[in-house]
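# Residue-level structural notes
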Amino acid sequence: MILIMFGAPGVGKGSHATILAQALQIPHVSTGDIFRDNIAKGTDSGKLAKAYMEKGLLVPDALTIGLIMDRIRNADCKKGFIVDGFPRTLEQAGYLKKMLNEDKLSIDTVVNITLEDEKIIDRITGRRICPSCNQVYHVLYKRPHTHGLCNNCRTALVQRPDDSKETVVRRLGVYATQTKSVLSYYREKCTVVDIVSKDDITETSSHIFKALGLDTAS
Ligand code: AMP
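Rules behind the numbers
- Residues numbered from 1 in each chain as written.
- Predicted model: local features only at pLDDT ≥ 70, side-chain atom pairs only at ≥ 80, totals over all residues.
- Heavy atoms only, no water.
- Helix = DSSP H or I, 4+ residues; strand = E, 2+ residues; numbered from the N terminus.
- Rg over C-alpha atoms; globule rule 2.2 N^0.38 Å.
- Contact = heavy atoms within 4.5 Å.
- Areas by Shrake-Rupley, 256 points an atom, 1.4 Å probe, with all protein chains shown as cover.
- Lys, Arg positive; Asp, Glu negative; His and termini not counted.
- Charge placed at Lys NZ, Arg CZ, Asp CG, Glu CD.
- Axes fitted to C-alpha atoms, helices over the stretch in contact; angles between N-to-C directions.
- Parallel < 35°, antiparallel > 145°, perpendicular 65-115°, else oblique.
- Nonpolar A, V, L, I, M, F, W, Y, C, P; charged D, E, K, R; others polar.
- Buried < 20%, exposed > 50% of the residue type's maximum accessible area, 1.4 Å probe, protein only.
- Pairing = 2+ DSSP bridges.
- Salt bridge = Lys/Arg side-chain N within 4 Å of Asp/Glu carboxyl O.
- Arc of directions from axis to C-beta.
- Polar contact = N/O pair within 3.5 Å; in protein donor to acceptor, adjacent residues only side chain to side chain.

This next bit is on the overall build of the chain. In terms of regular secondary structure, the chain is built from eight helices and seven strands. Here the C-alpha atoms of the chain give a radius of gyration of 16 Å, agreeing with the 17 Å that 2.2 N^0.38 yields for 218 residues. In terms of its C-alpha atoms, the chain occupies a principal-axis envelope of roughly 45 × 40 × 35 Å. Within the chain, residue pairs in contact and separated by at least 24 positions form 68% of the contacts whose partners lie at least 6 positions apart. When the accessible surface of the chain is totalled, it reaches about 11200 Å², and 51% of it is carbon and sulfur. Here the chain holds 30 positive side-chain charges and 25 negative ones, and the gap between their average locations is 2 Å.

The structure is reproduced here in C-alpha cells:
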C-alpha cells in the first residue's frame, strides 16, 4: 500500500503516519525526518536544508526529490510505504508519479488532514520531539510518561527550531501558496480522503482507519 499523508504543518501527518506504519508494517518516510537526520549527521545536504528549514521555507526541489527517491527505492519500501511531508510542490508530485510509474506502482490513497490555523499554531508551538528516535510529543495533548524524556529511548525532548510562532506563521503561508495546489492535482488523479483533525489523536486515527477500510488501531 502506498499512502500520502497530506495537510498543513502541525495537523498530525507525522503522528498518524507513525500509527499507520506500525499497523500496516510498512515504512514511514518523512522528508522532514530525512532532513533532520542529515542535519544531525552534518552532511552537505543537511547543511543546505538547514538554512531553508530554519526560515520556514521549502528546501529546493532538486535536493528534496533526490533524497526521497533514494529512500523510496530502498528494499524496505518494496511492500509499500507511507509518505509524510512530500510532495509539497507540483514539481515534486510530478517526479513521484514518474518514479512510481517506472516501477509500475501508484498511490493508493491521499489522506488529507485539516485543522484551523489557530489550532495549528497552538499545536506546533507546544510540540516537542525526541532528537534521537523522532517520536513526537506535546506539552498539553501528548505528554511523555516522564517530564521532558522520550518514552521510547529516554532522550531529552527538544523543541524543533522551526516550531517558533513566527516560523510557524511563515510555514502556513508557504503551505497556502506552494503546497495546497498539490491537493487539487491529487483530487483529479487518485482517491483523496478528507479527515478533520481532532484534539483526541485516537479519534482522528479511527476516522483515518475507517476511511482507509482498515481495522481500527488498538
Ligand atoms: P516537516 O517535518 O514535514 O514539518 O518539515 C520540516 C521542514 O522541512 C519544512 O518546513 C521544510 O523546510 C522542509 N521540508 C520537508 N519536506 C519538504 C518537501 N517535501 N519539500 C521541501 N521542503 C521540505
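Running from N to C, helix α2 (residues 31-41) and helix α4 (residues 61-72) point in directions that differ by 100°, and their axes come no closer than 10 Å. Relative to α4, the element α2 is oriented roughly perpendicular. Within the contact between the two elements, α2 uses Thr31, Ile34, Phe35 and Asn38 and α4 uses Leu63, Thr64, Leu67, Ile68 and Arg71. Partitioned by chemical class, the residues of the contact of α2 with α4 number five nonpolar, three polar and one charged.

The next point concerns the environment of Pro131. Mapped onto the elements, Pro131 comes out in the loop between β5 (127-129) and β6 (136-138). Placed 36 residues apart in sequence, Pro131 and Thr167 show a C-alpha to C-alpha distance of 19 Å. For Pro131, the residues in contact, after removing those within four places along its chain, are Thr155, Ala156 and Val158.

Here we come to the pairing of strand β4 (residues 109-114). For β4, a buried count of five out of six residues is recorded, marking the element as mostly surrounded by other parts of the structure. By the bridge criterion, four bridges tie strand β1 (residues 2-6) to β4 in an arrangement that is parallel. Its bridge partner being in β4, Phe6 is matched across the sheet by Asn112.

Inspection of the entire model under this criterion finds 14 salt bridges. For the salt bridge of Asp163 with Arg160, the shortest nitrogen-to-oxygen distance reads 3.9 Å. Accessibility classification places Asp163 together with Arg160 in one group, the buried group. Arg171 is the partner of Asp163 in a salt bridge, and the nearest nitrogen-oxygen pair spans 3.0 Å. For the pair Asp163 and Arg171, a shared accessibility class is recorded, and that class is buried. Three or more residues are tied together by salt bridges with common partners; here these are Arg127, Arg160, Asp162, Asp163 and Arg171.

Now for helix α8 (residues 201-211). Residues lying three or four places apart along an α-helix face the same way, a consequence of the helix completing one turn every 3.6 residues. Taken together, the buried positions of α8 are occupied by Thr204, Ser205, Ile208 and Phe209. Along the axis of α8, the buried residues cluster in a sector spanning 140°; they form a single face. Considering only its buried residues, α8 is in contact with α1 (13-24), β4 and β7 (191-196). For α8, the capping residue at the N-terminal end is Asp200, with a side-chain oxygen 3.0 Å from the backbone nitrogen of Thr202. Looking one or two residues past α8, Gly213 carries a phi angle of roughly 70°, positive in sign.

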